[in-house]
Amino acid sequence: MADHHLPGDPPVPLTLRRSARARRISLRISGLDGRVTLTLPSRVPDREALEFAREKESWIRDHLAKHPECIDVDYGSVLPIDGRPRQVIAGRGRRVLLEPDQVTVPGGASGAKPGRRIQRYLQELARDRLAAASDHYAAALGRPYSRISLRDTRSRWGSCSSEGALMYSWRLILAPPDVLRYVAAHEVAHLAEMNHSPAFWATVRQLYGSYDGAREWLRREGNQLHRYRF
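Thresholds, definitions, all that
Residues numbered from 1 in each chain as written. Predicted model: local features only at pLDDT ≥ 70, side-chain atom pairs only at ≥ 80, totals over all residues. Heavy atoms only, no water. Pairing = 2+ DSSP bridges. Helix = DSSP H or I, 4+ residues; strand = E, 2+ residues; numbered from the N terminus. Axes fitted to C-alpha atoms, helices over the stretch in contact; angles between N-to-C directions. Contact = heavy atoms within 4.5 Å. Salt bridge = Lys/Arg side-chain N within 4 Å of Asp/Glu carboxyl O. Buried < 20%, exposed > 50% of the residue type's maximum accessible area, 1.4 Å probe, protein only.

K.L.:
Just give me the short version of the sheet that holds strand S11 (residues 158–160), but keep the residues and values in it.
P.N.:
Strand order in the open sheet formed by 3 strands is S10-S12-S11, with mixed pairing between adjacent strands. Pairing within the sheet leaves two strands with one partner each, and these edge strands are strand S10 (147–151) and S11. Direction aside, the axes of adjacent strands within the sheet are offset by 15 degrees on average. The pairing of S10 with strand S12 (residues 165–169) spans 5 bridges and is classified as parallel. The residue of S12 that forms the bridge with Arg147 is Ala165. Across the sheet, helix H3 (residues 115–141) lies against S10 and S12, angled at about 145 degrees from S10, the strand it touches most. Helix H4 (residues 177–189) rests against S11 and S12 of the sheet, and its axis sits at about 155 degrees to S12.

K.L.:
Now, about the pattern of salt bridges: what can you tell me, with residues and values included?
P.N.:
A full pass over the atoms with the stated rule returns 9 salt bridges. In this structure, Asp82 engages Arg86 in a salt bridge whose closest nitrogen and oxygen atoms are separated by 3.9 Å. We classify Asp82 as buried; its relative accessible area is 18%. A salt bridge links Arg171 to Asp152, with the shortest nitrogen-to-oxygen separation between them at 2.8 Å. Taken as a pair, Arg171 in the loop between S12 and H4 and Asp152 in the loop between S10 and S11 lie far apart in primary sequence, 19 residues in all. Accessibility expressed as a relative area gives 4% for Arg171, which makes it buried. A single network of salt bridges, built from pairs that share partners, joins Asp82, Arg86 and Arg129.

Here it is, written out as structure tokens:
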């Protein structure tokens, strides 16, 4: 990969990626972090890819203008936890404290940023919530799962392997609780139906109830959860 910039105010970072399979230059803007990637055939020179980007400059800038800005989590930031906005506040003591309208993080006086500490706290909270929801739905289904793991996945909110291993994005703790529970019900339903057939969706409805609102929330708002950088 090579890094270049599209000139202008502001300059736009471009990532050039070569692919032996590519037959022509293609352009992609990530819906998660706004990264602009140009994929080009192995023998096409960089200058042709950069010229292609200049021809598409208006489209690129229009698209980026609509993309939500990333937020570096720091003291004073507002962060959704359980879908509820909470301001990050410096505090004393040794523990992160979750309160109705704020999350208090020790260490402000030391000058250290709170992002990593909040991330660890959120991952533990997400594991507790997702394990509890998975246990509940697996018991209702009568199908045990083998294990749970958490990752920072960008392409999916959860998965279920053929061995019964459940995987979730820990960022679900930023979403409203009913959305987190919907994803747990969705993945647990795969313990019975490893597909997205009508029988699968009937199982989700049996476990969770009406899921249309939670599913639509993820489609509409899910990308916003990736804005926050810790």
